[in-house]
Amino acid sequence: MNERIKELAEQCYEYNEKEMLNTWFNKEKFAELIVKETITEMCRQLYWHGEDQSNNPSFYKAIDKTKKHFGVEE
């Protein structure tokens, strides 16, 4: 498994404060982190390749639609 995915997964373990030994994996949080990470990487690639909104508006629309589709807020 990719190291970054492992790091994201580690952020998704929740603890029951009353029972410190009882942990569970928050799948919804994991999915949201994966989508956020994907959008972040899309933006990085856009930045590094020198594209801007005037040159590639469809790329920005794809990012916005992805955010909206998954209900991810930044």
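Residues numbered from 1 in each chain as written. Predicted model: local features only at pLDDT ≥ 70, side-chain atom pairs only at ≥ 80, totals over all residues. Heavy atoms only, no water.

1. Looking at the pattern of salt bridges
- In the structure shown here, the tally under the stated rule is five salt bridges.
- Between K6 and E3 there is a salt bridge, with its nearest N and O atoms 3.5 Å apart. Taken together, the residues K6 and E3, both in helix α1 (residues 3–10) and three residues apart, mark about one turn of the helix.
- Overall, K6 belongs to the partly exposed group, its relative accessible area being 34%.
- Notably, a salt bridge pairs R4 with E37, separated by 2.9 Å at the nearest N-O pair. Of this pair, R4 sits in helix α1 while E37 sits in helix α2 (residues 27–48); the two residues are 33 residues apart in sequence, bridging distant segments of the chain.
- Classification of R4 by relative accessible area gives partly exposed; the value is 32%. (Salt bridge = Lys/Arg side-chain N within 4 Å of Asp/Glu carboxyl O. Helix = DSSP H or I, 4+ residues; strand = E, 2+ residues; numbered from the N terminus. Buried < 20%, exposed > 50% of the residue type's maximum accessible area, 1.4 Å probe, protein only.)

2. Quick look at the confidence of the model for the chain
- Per-residue confidence for the chain averages 78 on the pLDDT scale, and 76% of its residues sit at or above 70.
- Within the chain, α1 carries the highest mean pLDDT (88), whereas helix α3 (residues 57–70) carries the lowest (79). (pLDDT = per-residue confidence, 0-100.)

3. A look at the packing of aromatic side chains
- Applying the stated rule across the entire model yields two aromatic pairs.
- Taken together, Y13, F25 and F30 form an aromatic cluster joined through their ring pairs. (Phe/Tyr/Trp six-rings, centres within 6.5 Å; stacked < 30°, edge-to-face > 60°.)

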